[in-house]
Amino acid sequence: MLVDKITVNLKINGLATELRVPPQKTLLEALREEAGLTGTKHGCELGECGACTVLINGSPQLSCLVLAAACDGAEVLTIEGLANGPELHPLQSAFAELGAAQCGYCTPGVLLAAAALLVRNPSPTRDEIRQALSGNLCRCTGYLQIWNAVERAAEQLRTR
Amino acid sequence: MSEGHRIIGRNLRKIDAIDKVTGRTRYADDVVLPRMLYCKLLRSPVAHANIKRIDLSGALAQEGVVAAISGETMPTAYGILPVSEDEHALCIDKVRFIGDPVAAVAAETEHAAELALDAIELELEPLETIGSVEKAINTPEPRIHPGNRRGNIHKLVSLEFGDIEQAFAEADHVEEGLFHYGGNTHLAMEQHAAVADWSPDGRLTLWSSTQTPHYVHRVLAKVLDLPAAQVRVIATPNGGGFGGKTDPFNHELAVCKLAMLTGRPVKICLTREEVFYCHRGRHATLIQARTAVKRDGTITGMHFRTLLDGGAYGSYGVASTFYTGALQTVTYEVPHYRFDGGRLFTNKPPCGPKRGHGTPQPRFALEIQLDRIAAALRIDPADLRLQQIQPANSLTSNYLRIGSIGLAKCIKTVVEASGWRERYGKLERGRGLGLACSSYLSGAGLPIYWNEMPHSAATVKLDRGGGVTVFCGSTDVGQGSDSVLAFVVAEELGIDPYQIRVVTADTDLTPVDLGSYSSRVTVMTGHATRQAAAAARERVRSGVAEKLAVSGEQITFADGKVRVAEKGIELAFAEAVAIAEARHGTIVTSGSYKPPETAGKFKGAGVGPSPAYSYSAGIVEVEVDEQTGFVTPIKVWMAHDIGQAINRSAVIGQVEGSVYMGLGEALMEEMVYREKRNLVHKIPSMLEYKSLTSLEMCEVETFLIEDPDPNGPYGAKEVGQGPLLPMPPAIANAVYDAVGVRVDMVPVTPSRVMAALDAAARGKAPRHGPERMPQVSWPEPTRVTPPWAGGDGHAQRPGSGKQAS
Ligand code: FES
Ligand code: FES
């Protein structure tokens with residue numbers, strides 16, 4: 001019943017990491033429980049809320065739906081790796097300044113989904129932002145301050 | 001930025017914002033302790049049954065399982081309200097809804113705990129299920145709570161202020177209607193989680209995502225039979241609450257008990273499905289409303305009857321019931337008012353307080369009814385409201401004390417901004433505008449358990465290095481209460497808010513605050529914190545005055561400096577603190593707050609009073625597709641009377657979040673149970689329980705009306721709940737403006753819109769809504785003479801006056 005663990009090699013936030021996880025563990029569980037990276041959140045563990053969004057090889061994925069074992073060799077970016085050392089990502093500063101994080105529980109997932117959007121599309125329209133974040137539920141903000149913050153960050157990234 | 005304040009009223013980053021955007025905030029499920037075990041609960045698969053037998057031995061025999069317990073380990077009943085202590089940590093004799101917990105397991109891994117649940121033998125003897133308010137009224141047996149006096153009727157209340165019959169007799173027009181407000185849930189993004197740690201010296205610590213650590217503290221001590229002084233509850237930052245984390249929960253007690261039995265820390269994190277079973281959300285409510293008006297629209301009387309589907313336990317239900325009748329009177333003048341409310345037990349997850357607690361349901365009926373009256377009397381709906389706003393500094397007919405009231409300004413603002421005068425009633429078919437208003441408490445006037453102590457308290461400690469720490473029992477649930485504390489202290493001490501440390505929601509360290517519910521924190525902890533900080537400042541002032549031989553009045557506190565302008569002296573704040581500490585010793589000050597005494601003295605007067613009432617007016621523009629019944633919100637204009645904003649962007653965030661949640665309730669959110677299949681929850685998932693995503697949410701233009709209230713700190717009032725309330729009726733009113741039919745139900749779903757359109761097409765009343773109010777034998781009302789008729793707040797002697805209708 002308590003199954004043998006398997007080894008998964010990943011690059012998490014730029015750092016080569018070897019994790020020993022039970023084979024049924026999701027990436028979400030591996031990150032939170034084995035790698036100690038509790039910044040990634042969960043609201044359902046069924047692929048319904050977006051709170052667990054991380055970037056796998058640059059693309060936003062629901063870490064609760066991916067087995068850790070399936071990520072062998074992948075590059076994973078979590079909220080802990082979004083800032084550049086002590087320097088916040090412009091999305092992070094914009095979210096902090098504009099009140100886009102209330103309880104903050106959806107925030108890591110939203111930030112990563114938004115970060116992927118801005119790489120794909122440095123000048124998203126409001127509708128494109130809404131589209132890109134449509135898989136991330138937020139129960140606090142009504143999304144408006146989130147949209148505003150993404151717009152501000154996009155502008156800052158463009159003029160950098 | 002407002003007059004005379006340096007911090008209050010500005011747009012400032014919340015003090016915990018950086019932690020939140022970097023993933024550093026430690027929520028309950030992020031707490032990890034060495035040697036920790038994982039807990040899972042076995043929940044009833046049957047809605048109503050007697051428990052014949054529970055055998056835990058199979059579970060205990062499983063690999064990795066350390067302990068398993070059932071109900072008899074915690075026989076003491078509890079409940080958030082002393083009047084309905086009807087819950088057990090784990091069910092003992094019977095189960096009352098699908099999801100009711102009966103056993104708990106602690107194992108080395110979460111997986112092992114989960115597997116062990118399958119090995120528990122649970123033998124149940126099913127009983128008839130009670131699935132609706134009507135059935136609960138008509139089926140006194142089997143009783144869901146055998147000890148309940150009136151079959152499955154949990155509570156019946158009846159209050160009359162003035163003479164309702166006379167009010168209706170004298171009216172020119174009476175509007176009467178039935179409404180149904182669907183039950184819905186908080187759906188906070190964070191699933192409830194808790195970690196318990198027991199040390200052999202008898203001390204118990206619980207980390208939990210709770211909005212009310214003080215109440216959890218009390219219940220743990222009581223049920224676990226421990227001295228309260230040995231119990232420590234730490235409320236972790238909540239990943240959203242909205243009222244869903246204000247009850248003491250089964251899982252909190254279970255992990256504590258398991259930690260005590262195993263001597264190891266125990267964690268639980270509920271699945272999303274379990275969160276749906278915890279519920280404590282909005283009561284599905286049937287409302288019968290009658291409003292009597294003069295030809296010019298002046299309200300002469302109002303009679304509301306509500307029936308609340310309470311679910312399986314009492315929870316806050318008695319308060320919820322009173323709340324469905326409490327705040328009808330605080331927006332517009334209602335000289336004669338009668339309220340009858342009933343709450344029924346059913347075999348569903350228990351209902352409780354959700355954002356707006358018991359007031360959105362009657363507000364829905366009231367604001368639609370005003371719209372109908374306006375149409376019948378050919379008065380503009382905005383004017384109908386403007387002509388009869390409750391005056392400032394007044395007592396309502398049910399003895400609620402109103403301070404400032406910015407409602408007229410709210411209405412005028414949204415009317416202007418939305419182009420209402422030019423557009424209402426004049427848009428092309430399929431487009432419509434709807435207006436509705438509301439009011440909410442800035443904190444309940446009475447505590448949950450009767451006591452005369454403060455509702456909020458704070459301590460401020462100054463360090464000779466210039467550091468300032470504020471300690472307070474309040475809990476940040478995302479509304480920004482930690483930041484309010486820091487901003488208030490910064491304002492009083494003239495320092496940078498980001499240099500203040502905030503320690504909150506830890507029963508070992510922080511003075512009691514009753515919790516984050518009823519929108520009480522800004523006003524109540526705001527007052528307490530301001531008092532504590534001002535006292536600290538005065539200590540520093542007197543120390544510095546003595547040392548420098550100047551008078552205290554010459555000393556000012558600003559920009560992190562303490563100055564004596566006349567003498568050209570400027571000290572860094574830290575230097576001033578050091579001087580004062582040398583004079584007075586360590587500087588630690590405290591403040592506390594208790595709301596003013598309530599004006600009503602009758603039984604039931606305890607629900608409704610508040611130090612201050614916030615007001616909102618909202619207009620929504622919708623598009624209605626007549627082929628599908630789909631309602632799309634296009635834009636919302638919301639004006640909120642906040643008294644005085646403490647932090648503007650946080651206030652706007654609360655308004656927008658309330659509007660969002662109100663739109664969700666109005667259009668799609670609903671708890672649905674399969675009546676024919678044993679009352680199983682139809683949709684206990686975030687995918688099937690529909691809420692607005694980023695794609696459905698519309699733009700909101702927010703206006704803050706600042707009319708400082710004498711009872712709020714700096715004049716501040718609440719914002720977290722009030723702006724939700726106008727949304728459901730505004731949507732229904734807008735649908736009427738768009739396509740000429742009324743949906744007297746929430747949510748306003750496409751099929752309901754189609755049903756109303758269909759009725760209209762078949763020449764019937766152009767409406768869809770409930771048709772019938774079940775018969776209830778209402779008690780003789782408590783009669784109270786309103787203040788305007790010379791009443792003193794006491795009930796009339798029973799038997800005096802006329803008989804009940
Ligand atoms: S936790 Fe992965 S989508 Fe909800
Ligand atoms: S900030 Fe609370 S869920 Fe988004």
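Residues numbered from 1 in each chain as written. Chains lettered and ligands numbered in written order. Predicted model: local features only at pLDDT ≥ 70, side-chain atom pairs only at ≥ 80, totals over all residues. Heavy atoms only, no water.

Concerning the overall build of chain B
Reasoning step 1: Across its full length, chain B holds 19 helices and 34 strands.
Reasoning step 2: Principal-axis analysis of the C-alpha atoms places the extent of chain B at approximately 85 × 75 × 55 Å.
Reasoning step 3: When each of the 805 residues of chain B is scored for burial, the buried share is 66%.
Reasoning step 4: In chain B, the share of contacts with a sequence separation of at least 24, taken over all contacts with a separation of at least 6, comes to 80%.
Reasoning step 5: One way to put it: in chain B the 84 positive side-chain charges average out to a point 2 Å from where the 92 negative ones average out. (Helix = DSSP H or I, 4+ residues; strand = E, 2+ residues; numbered from the N terminus. Buried < 20%, exposed > 50% of the residue type's maximum accessible area, 1.4 Å probe, protein only. Contact = heavy atoms within 4.5 Å. Lys, Arg positive; Asp, Glu negative; His and termini not counted. Charge placed at Lys NZ, Arg CZ, Asp CG, Glu CD.)

A closer look at the domain arrangement of chain B
All names here are of chain B.
Reasoning step 1: Looking at the assigned domains, one finds that chain B contains domain 1 (34-127 + 189-240 + 245-278), domain 2 (159-184 + 280-445 + 601-768) and domain 3 (453-593).
Reasoning step 2: Computed from C-alpha coordinates alone, the two centres of domain 2 and domain 3 are separated by 39 Å.
Reasoning step 3: At the interface, 19 residues of domain 2 touch 19 residues of domain 3.
Reasoning step 4: The junction of domain 2 with domain 3 conceals about 1,500 Å² of combined surface from both sides, 62% of it contributed by carbon and sulfur atoms.
Reasoning step 5: When residues of domain 2 are sorted by the area they lose upon contact with domain 3, Ile646, Pro713 and Tyr714 head the list and together hold 39% of the total. (Domains from an automatic or database assignment. Buried area = accessible area lost by both parts, 1.4 Å probe.)

Side note on the pattern of salt bridges
Side chains that differ in charge, positive against negative, can pair when their charged atoms come close.
Residues and elements named next belong to chain B.
Reasoning step 1: All told, the structure shown has 66 salt bridges over all chains when counted by the stated rule.
Reasoning step 2: Close ionic contact of lysine 20 with aspartate 16 constitutes a salt bridge, the shortest N to O distance being 3.4 Å.
Reasoning step 3: The structure contains a network of salt bridges with shared partners spanning Glu160, Arg305, Arg338, Asp340, Glu780 and Arg783. (Salt bridge = Lys/Arg side-chain N within 4 Å of Asp/Glu carboxyl O.)

As for the interface of chain A and chain B
Reasoning step 1: Residue-level contacts link 44 residues of chain A with 56 residues of chain B.
Reasoning step 2: Approximately 4,300 Å² of surface area, both sides summed, lies buried where chain A meets chain B, with 57% of it carried by carbon and sulfur atoms.
Reasoning step 3: Our count for the chain A to chain B interface comes out at six salt bridges.
Reasoning step 4: Between arginine 32 of chain A and aspartate 30 of chain B there is a salt bridge, and its shortest N-O distance comes to 2.8 Å.
Reasoning step 5: For the pair chain A and chain B, the number of links is 29 residue pairs in polar contact (both at pLDDT 80 or more).
Reasoning step 6: Listing elements by their share of the side of chain A that touches chain B, those giving two or more residues are α2 (90-97), α3 (107-120), α4 (126-132) and α5 (144-158) of chain A.
Reasoning step 7: Ranked by the residues each element gives to the side of chain A that touches chain B, the list is headed by α2 of chain A, at four residues.
Reasoning step 8: In terms of residue class, the side of chain A that touches chain B is made up of 21 nonpolar, 14 polar and nine charged. (Polar contact = N/O pair within 3.5 Å; in protein donor to acceptor, adjacent residues only side chain to side chain. Nonpolar A, V, L, I, M, F, W, Y, C, P; charged D, E, K, R; others polar.)

Digging into unusual backbone geometry
Residue and element names in this part refer to chain B.
Reasoning step 1: At the junction of glutamate 141 and proline 142, the peptide bond is cis and its omega measures out at 0° in the coordinates.
Reasoning step 2: Its place among the elements puts proline 142 in the loop between α4 (133-138) and β7 (153-161).
Reasoning step 3: At the junction of valine 746 and proline 747, the peptide bond is cis and its omega measures out at 0° in the coordinates.
Reasoning step 4: Tracing the sequence through the fold places proline 747 in the loop between β32 (745-746) and α19 (750-761).
Reasoning step 5: Unlike most non-glycine residues, arginine 378 shows phi in positive territory, near 55°.
Reasoning step 6: Within the element layout of this structure, arginine 378 appears in the loop between α10 (360-377) and α11 (381-386).
Reasoning step 7: Note on arginine 378: relative accessible area 78%, which makes it exposed.
Reasoning step 8: The phi dihedral of tyrosine 714 is positive, around 60°, even though this residue is not glycine.

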